Amino acid sequence: MKKEMVCISCPMGCHLTVEGEGDNWTVTGNSCKNGERYGIQEMTDPRRILPTTVVIKGAMISRLPVKTAQEIPKGKLFDAMDELSKVVVEAPVKVGDVVLKNVCDTGIDVIATKTMPAV
Amino acid sequence: MYDIIVIGGGPAGLAAAVEAKKEGVDNILILERDRELGGILNQCIHNGFGLHTFKEQLTGPEYAGRYIDMAMDLKIPYKLNTMVLDMERKDDDTKVVHAINEEDGYMALEAKAVILTMGCRERTAGAIGIPGFRPAGVFTAGTAQRFINMEGYMTGKEVVILGSGDIGLIMARRMTLEGAHVKCVCEIMPYSNGLTRNIVQCLDDFNIPLKLSHTITFIHGKDRVEAVDVTQVDENLKPIPGTTETIPCDTLLLSVGLIPENEISRGAGVEIDRRTQGPSISELCETNLPGVFAAGNVVHVHDLVDFVSQEAALAGKGAARYVKGHLEEDINFTTVNGDGIGNVVPEKITVANLDDSVNCYMRVRKVSTDTVINCYIGDEKIATKKARKFVPAEMVNFKIKKSDLEKYHDGELKFVVEPKEA
Amino acid sequence: MYDIAIIGAGIAGSYVARELARYQLNVVLIDGENDVANQITKANSAIVHAGYDAVPGKKKGLFNAPGNIMYEKVCRDLGVPFKRTGSLVVAHTEREMMTLQRLYQRGVMNGVPDMRIVFQDEVHEMEENLAPDICGALYAGTAGLVSPYELGIKVAENAVDNGVELKLNHLVTNIAKKDDGTFKIETTEEDIEAKYVVNAAGVYADDIYKMVGDPYFKILARRGVYFIFDKEIGDLVHNVIFPCPTKNGKGILVSPTVHGNLLIGPDAMPVEKGDIDTTQDRLDYIKANALKNCPELEHYFNKIIRSYAGTRNTPVADTYTTTSGDFIIEESPVKNFVNFAGYESPGLTSAPASATYCVEDVILPMLERDGVHVEENKDFNPKTRPHIIFNQLSDEDKKKAIEKDPRYGKIICRCESITEAEIVDVINRNVGATTVRGVTKRCRPGAGRCQGGFCQPRVVEILARELGCDMEDIMYDAKDKGYILSGKTKNQ
């Protein structure tokens, strides 16, 4: 498999070409070690933090910002959105509170990113 | 009489107030126009904030929350839902801030020093004058962001975005995740104005095309947007005939730049730098009016909030020194943008106020590699900033040592992009 | 059955409705739009002309100068911003100076006061930012600025205050003259019956008339494109600056606005009715022409906050019709059907005088002829309920206003300093705002430099709360089709 991508490890933005399969990958176009690491991660297990909102009742506004506590597999972003669209929390909420455990069986929790008192 | 009034309780205002308090000034008041502290960060629910300050990737509300906690721990008073109407400086140097809110009514608040941290606003459809009718469905990216992230309403289903500024990129991902179809992002320049990581994670991840050197030349639809004409532009940014494609959509988001919000500053007589559209400031963020300081996006638009906090802390320090009578006012150096540089902040430097160095923030005019930024006083090169690549989207922080400046009594610091020496 | 149905709630129709409300008549005012003053009245040059342009002897010449004089009182009664700034028609050549002389003579014949020809030095003393080659100007002290849509809205509101019924979103699709001489007006909502009809349908007036009679006039839509600049340069000129008129019209003007902005425009492109698109070439044309009189503008094109277009309704001749180029305000060949048409510039200025003429000299004599006895409406109140503009109050009055109603302490529109109380007030009146644009037209949130970027979500929220509906139901302008929000973000 072969893929081209832009490295985001630093502002340089090297255009990488990553080639290989399994545990065997070669990265070209990078200017440093970070680029190699980034390229291989993107091919083997790309992950992203998912920031979004959930419904909150009893607070000043009707949406609570949340995020996955760690990066989740990129392929599960939309499934996670679906699961989160059903979540309703009640104010008060503190930043860091878990609003959904183990989203999409990733073993990763979704946490509040804002403290919202009850009104 | 307050020692310091801070106008605006966003990231800049909070950082300034916190720093001033740490410097030993007690009598501070923050005036915030919105219903909570934290400013625009409250609607920036995406992550990527605070890498420099906290060494971790926070979301906007988390980053704001850290500073709000600091301000609360230091028991700094604040008023919410409070709008400053104007500010004046009296002959005895007292500043009077006129403000209103529902509880206190009309207030004339006096202070020894004022810190301006009102932030910026977005350039609008009107400002860029896209031809067509003026239907519903044209939003600035920030307005859509507020509707979606704070009010919980979508602003459309089929979206085209004009401008590849960071908010536009972030909203492309956000709306996609919420089920909208983002058809493309058009950027009139041959390069993006957003951070590379946003292009990768917000566009590439979702296969949203970024059309560089393309702009919107017509908005179709009378009552609601029905389509937009996307046209390629030449090197002079003029549309190329015959390259127009009509893309059906119900929403046009604009991410075409930010403008410092300086109506209060102007009204008070603060001198505005035509290049940044914000106040000309000193190394400790003092404007031309003694005791009036400014920091953050009201001075120049930053791409990272970390730099906003950094700059605002200087304003807090400067205001504290002013209140205590320790601020030196003799300007030694002015800064100027030479070839390849768009603007430089601060515009003036009083060496005696520096600890060991001064951070000069600047933007390059175009993308370059194999270049450096050199700082000259007269013909003498006093410092060089190296980077693998300079891009307009990323503000350069050029640190200049106090000791280097002390070799000269006064003069003009000129920043120039030059080829890397072999 | 109504006594009188007026088709078109622009400045003309609304003003006639208000003047009819002085009598005990059952009047209905019908419009196809989602708000009054939403077409020609919404987008024009916003100038109260002195009256030297109009050809003497015609209705235009007859009503312009008197209409101008009437503005003071009506704007005071209705709380509409109006400012007498004066105007300058500038000349670059000797030939143009001769045109100024002709205009001056016309002005004298039309009874225009406070006019004089001023020469080079004086022009540049009055206006420091005009082109140096301008060698003279016709100064007219009575020329002024008004907010045309605010006037249109307030006139309609005052009409409704005094008993006129308003039906919006009633687009007229057909009119039938019945055997008993009355009219059945079919609309997209319902049929409306009336004994008399006033056709004040602007660019559509000829289409409306065709529904009942043989066409004898034709209306051409001529589009005009404008730019509005930030208040920061609102005082670049102090008078309304006109170029020397040509046979194509008054030309591209540079003018302050009554709200303190600067306006340039318009061109005059013949277009399809309803076409108020702006186009790049027209926008460029406006800029180029404005520069001829005010080269200083070159530095300020980055201070433009909005471009827009409006239409004029120009009467033209074709195979079946002729035109004298004058206003058409008369009972038509179809008995009991009044045309108030071809009402282009100086229509706005002439509105007070022409509406009075339409009622006193056309409609009332028609009723009298038919043996209808018309009583005066003793309860007629020419004033609308006052509307407080917070940012124009003194510090002391600001204090008092917030004490009385804390919502004056809550600024919603930062750019224009508009408070929640003001927005609530313009929603909760007769002919109140129901849309975001409706709020903008009435009290300016969204008309400032951020163009609603900050305040639009708040305005939508306030509209939804005051009107008792969901935020999703709030429209930008047009009903149903002009939606702002497309649903909620979560499956709730």
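Note on numbering: residues in each chain are counted from 1, in written sequence order. Chain letters start at A and ligand numbers start at 1, both assigned in the order the entries are written. Confidence filtering applies because this is a predicted model: local features only for residues at pLDDT of at least 70, side-chain atom pairs given and counted only at 80 or more, and all residues used for totals across whole chains, interfaces and linings. Only hydrogens and water are set aside when side-chain values are computed; all heavy atoms of the structure are taken into account.

Draft legend 1. Up close: unusual backbone geometry. With an omega of 0 degrees, the peptide bond running from Val345(B) to Pro346(B) counts as cis. The way it works is that DSSP assigns letters per residue, a run of H or I at least four long becomes a helix, a run of E at least two long becomes a strand, and they are numbered from the N terminus. Relative to the assigned elements, Pro346(B) resides in the loop between β21 (341-345) and β22 (348-349). Geometrically, the link from Ser345(C) to Pro346(C) is a cis peptide bond, its omega value of 5 degrees lying close to zero. Mapped onto the secondary structure, Pro346(C) falls in the loop between β20 (337-341) and α8 (347-369). If you check the backbone angles, Ala46(C) has positive phi at about 65 degrees while not being a glycine. With respect to the secondary-structure elements, Ala46(C) resides in the loop between β2 (27-30) and β3 (47-48).

Draft legend 2. Spotlight on the pattern of salt bridges. Salt bridges are defined as contacts in which a side-chain nitrogen from Lys or Arg sits within 4 Å of a carboxyl oxygen from Asp or Glu. Tallied over the entire structure, the rule returns 74 salt bridges over all chains. The salt bridge involving Arg48(A) is made with Glu42(A); its shortest N-O contact spans 3.0 Å. A relative accessible area of 4% places Arg48(A) in the buried class. For Lys317(B), the salt bridge goes to Asp355(B), with nearest N and O atoms at 2.8 Å. A residue pair is termed long-range when its members are at least 10 positions apart, and Lys317(B) in helix α9 (residues 305-324) and Asp355(B) in the loop between β22 and β23 (357-364) qualify at 38 residues. The buried label applies to any residue whose accessible area, calculated with a 1.4 Å probe on protein chains only, is under 20% of its type's maximum; exposed applies above 50%, and partly exposed to all values in between.

Draft legend 3. Spatial organisation of helix α1 (residues 11-22) of chain B. Residues and elements named next belong to chain B. The span one expects for a helix is its residue count, reduced by one, times 1.5 Å. A rise of 1.5 Å per residue sets the reference length of α1, with its 12 residues, at 16 Å; its end C-alpha atoms lie 16 Å apart and thus fit the reference within 8%. Most of α1 sits inside the fold, with 11 of its 12 residues counted as buried. Against the buried residues of α1 lie β1 (2-7), β2 (28-31), α3 (60-73), β8 (105-116) and α9. Gly24, located one to two residues past α1, shows a positive phi value of around 100 degrees. The contact rule is simple, with two residues in contact once any of their heavy atoms fall within 4.5 Å.

Draft legend 4. Up close: the interface of chain C and chain A. With 5 residues of chain C at the interface, the matching set in chain A holds 10 residues. Each of two parts loses accessible area, computed with a 1.4 Å probe, when they are put together; buried area is these two losses added. Each partner contributes to the roughly 530 Å² buried at the junction of chain C and chain A, and carbon and sulfur atoms together form 44% of this total. Any pair of nitrogen or oxygen atoms within 3.5 Å is treated as a polar contact; in protein, a donor-acceptor pairing is required on top of that, and neighbouring residues in sequence qualify only through side-chain atoms on both sides. At the boundary of chain C with chain A, the tally comes to 2 residue pairs in polar contact (both at pLDDT 80 or more).

Draft legend 5. Here's a closer look at the domain arrangement of chain C. Residues and elements named next belong to chain C. With domains assigned, chain C is organised as domain 1 (83-143 + 222-311) and domain 2 (390-473). These domain limits were set by an automatic method or by a database of domain assignments. Domain 1 and domain 2 are separated by 32 Å when their C-alpha centres are compared. Facing 7 residues of domain 1, the contacting portion of domain 2 comprises 7 residues. In total, about 600 Å² of surface goes out of reach between domain 1 and domain 2, with carbon and sulfur atoms giving 36% of it.

Draft legend 6. Region of interest: the nonpolar core. Residues Leu64(A), Met175(B) and Ile423(C) are the most contacted members of the largest nonpolar core, which totals 74 residues. Top contributing element to this core by residue count: helix α6 (residues 166-177) of chain B, with 6 residues. When sequence neighbours within four positions are dropped, the list of residues in contact with Met175(B) reads Ile148(B), Met154(B), Thr155(B), Gly156(B), Val159(B), Ala180(B), Val182(B) and Leu253(B). Here the nonpolar core consists of buried residues drawn from Ala, Val, Leu, Ile, Met, Phe, Trp, Tyr and Cys, with membership extended through side-chain atoms lying within 4.5 Å. Counting residues in hydrophobic clusters, the runner-up holds 62 residues, among them Ile5(B), Val114(B), Val308(B) and Val345(B).

Draft legend 7. Up close: the sheet that holds β23(B). Residue and element names in this part refer to chain B. Note on pairing: DSSP must find at least two bridges between two strands before they are called paired. Strands sit in the order β21-β23-β28 across an open sheet of 3 strands; the sheet is antiparallel. Two strands bound the open sheet, and with one partner strand each, they are β21 and β28 (396-401). The mean inter-strand angle of the sheet, taken between neighbouring strand axes irrespective of direction, is 30 degrees. Of the strand pairs in this sheet, β23 and β28 are connected by 6 bridges, and their pairing is antiparallel. Directly across from Tyr361, in β28, lies its bridge partner Asn397. Fitted lines through C-alpha atoms serve as axes, helices being fitted only where they are in contact, and the angles separating the N-to-C directions of these axes extend from 0 to 180 degrees.

Draft legend 8. Summary view of the pairing of strand β11 (residues 158-162) of chain B. Residue and element names in this part refer to chain B. Counted residue by residue, β11 has 4 buried out of 5 residues, so it is predominantly covered. Where the polypeptide runs from β11 across α6 and back to strand β12 (residues 181-187), its parallel neighbour, the crossover connection is right-handed. Pairing geometry for β11 and strand β17 (residues 251-254), over 4 bridges, is parallel. When the sheet's bridge partners are listed, Val160 is paired in β17 with Leu252. Crossovers are marked right-handed if the path from the first strand over the helix to the second runs clockwise, as seen with the strands pointing away from the viewer.

Draft legend 9. Seen up close, the interface of chain B and chain C. Facing 49 residues of chain B, the contacting portion of chain C comprises 54 residues. Summed over both sides, the interface between chain B and chain C buries roughly 4,300 Å², with carbon and sulfur atoms accounting for 56% of that surface. Summed over the shared surface of chain B and chain C, the number is 5 salt bridges. For the salt bridge of Arg414(C) with Glu261(B), the shortest nitrogen-to-oxygen distance reads 3.5 Å. For the interface between chain B and chain C, the tally reads 15 residue pairs in polar contact (both at pLDDT 80 or more). At the level of secondary structure, the elements contributing two or more residues to the side of chain B that touches chain C comprise β6 (83-89), β7 (95-101), β8, β9 (120-122), α4 (125-128), β10 (138-140), α5 (141-151) and α8 (263-268) of chain B. In terms of residue count, the dominant contributor to the side of chain B that touches chain C is α5(B) (5 residues). Ten residues, namely Ala, Val, Leu, Ile, Met, Phe, Trp, Tyr, Cys and Pro, are considered nonpolar, four, namely Asp, Glu, Lys and Arg, are considered charged, and the remaining ones, Gly among them, are considered polar. Of the residues belonging to the side of chain B that touches chain C, the class tally is 17 nonpolar, 14 polar and 18 charged.

Draft legend 10. Region of the structure containing the side chain of Ser164(B). Residue and element names in this part refer to chain B. Mapped onto the elements, Ser164 comes out in the loop between β11 and α6. Of the polar contacts made by the side chain of Ser164, one reaches the side chain of Glu187; its length is 2.6 Å. Excluding residues that lie within four positions of it along the chain, Ser164 makes contacts with Leu169, Val185, Cys186, Glu187, Ser192, Asn193, Gly194, Leu210 and Ser255.

Draft legend 11. Fine view of the packing of α5(B) against α6(B). All names here are of chain B. The interhelical angle for the contact between α5 and α6, taken along N-to-C directions, is 35 degrees, at an axis separation of 9 Å. At the point where α5 passes α6, the crossing takes the left-handed sense. For the pair formed by α5 and α6, the contact residues are Ala141, Gly142, Ala144, Gln145, Ile148 and Asn149 on the first element and Ile167, Gly168, Ile170, Met171, Arg174 and Met175 on the second. Tallied by class, residues from the contact of α5 with α6 come to 7 nonpolar, 4 polar and 1 charged. Handedness of a helix crossing follows the sense of rotation of the near helix relative to the far helix, less than a right angle counterclockwise being left-handed and clockwise being right-handed.

Draft legend 12. Region of interest: helix α11 (residues 436-443) of chain C. Residues and elements named next belong to chain C. Taking burial as the measure, the 8 residues of α11 include 8 buried ones, the bulk of the element. If you check which residues of α11 are buried, you get Val436, Arg437, Gly438, Val439, Thr440, Lys441, Arg442 and Cys443. Turning to α11, the residues buried within the fold contact α5 (148-161), β18 (304-316), β22 (418-419), α10 (420-427) and α12 (456-467).

Draft legend 13. Main features of the environment of Ala352(B). All names here are of chain B. Tracing the backbone through its elements, the reader meets Ala352 in the loop between β22 and β23. A residue is classified by how much of its surface remains accessible, and Ala352, at 52% relative accessible area, is exposed. For the pair Ala352 and Ala12, spaced 340 residues apart in the sequence, the C-alpha separation amounts to 24 Å. Not counting residues up to four positions away in its chain, the partners in contact with Ala352 are Glu328, Asn332 and Lys402.

Draft legend 14. Region of the structure containing the sheet that holds β17(B). Residues and elements named next belong to chain B. The strand order β10-β17-β11-β12-β13 describes an open sheet built from 5 strands, whose pairing is parallel. Looking at which strands have only one partner, the edges of the open sheet turn out to be β10 and β13 (210-212). Averaged over all adjacent pairs, the angle separating strand axes in this sheet is 20 degrees, with direction ignored. Of the strand pairs in this sheet, β12 and β13 are connected by 3 bridges, and their pairing is parallel.

Draft legend 15. Quick look at the packing of aromatic side chains. Classification of ring pairs rests on two measures: the distance between centres of Phe, Tyr or Trp rings, Trp counted by its six-membered ring, which must be within 6.5 Å, and the angle between planes, read as stacked under 30 degrees, edge-to-face over 60 and tilted in between. Inspection of the entire model under this criterion finds 20 aromatic pairs over all chains. Plain terms: the ring middles of Phe78(A) and Phe206(B) are 6.0 Å apart, the flat faces sit at 90 degrees to each other, and that makes the pair edge-to-face. Remark: Phe206(B) occurs in the loop between α7 (196-203) and β13 and Phe78(A) occurs in helix α2 (residues 77-84); the pair is interchain, linking two chains. Taking relative accessible area as the criterion, Phe206(B) reaches 14% and is therefore assigned buried. Here the aromatic cluster, defined as three or more aromatic residues joined through ring pairs, consists of Phe183(C), Tyr209(C), Tyr216(C), Phe217(C) and Phe337(C). Only when the NZ of Lys or the CZ of Arg is both within 6 Å of the ring centre and within 35 degrees of the ring normal is a charge said to sit over the ring. Seen from the ring of Phe54(B), Arg66(B) lies directly overhead, with NZ or CZ sitting 5.0 Å from the centre.

Draft legend 16. Fine view of a negative patch on the surface. A surface patch of like charges, here negative, comprises Asp86(B), Glu88(B), Asp395(C), Glu396(C) and Glu403(C). Contributions of two or more residues to the negative patch are made by β6 of chain B together with α9 (395-404) of chain C. Of all the elements, α9(C) adds the most residues to the negative patch, at 3 residues. Each patch is built from residues that are more than 30% exposed by relative accessible area and take part in no salt bridge. Like charges join if they lie within 9 Å; nonpolar side chains (Val, Leu, Ile, Met, Phe, Trp, Tyr) join within 5 Å. All accessibility values rest on the Shrake-Rupley procedure with a 1.4 Å probe; residue burial counts only the protein chains present in the view. Two residue types count as positive, namely Lys and Arg, and two as negative, namely Asp and Glu; His and chain ends fall outside the count. Note on charges: their place is set at NZ of Lys, CZ of Arg, CG of Asp or CD of Glu.

Draft legend 17. Here's a closer look at the environment of Asp91(B). All names here are of chain B. On the secondary structure map, Asp91 appears in the loop between β6 and β7. According to the relative accessible area criterion, Asp91 is exposed, its value standing at 86%. Taking C-alpha positions, Asp91 is 31 Å from Gly411, a pair spaced 320 residues apart along the chain.

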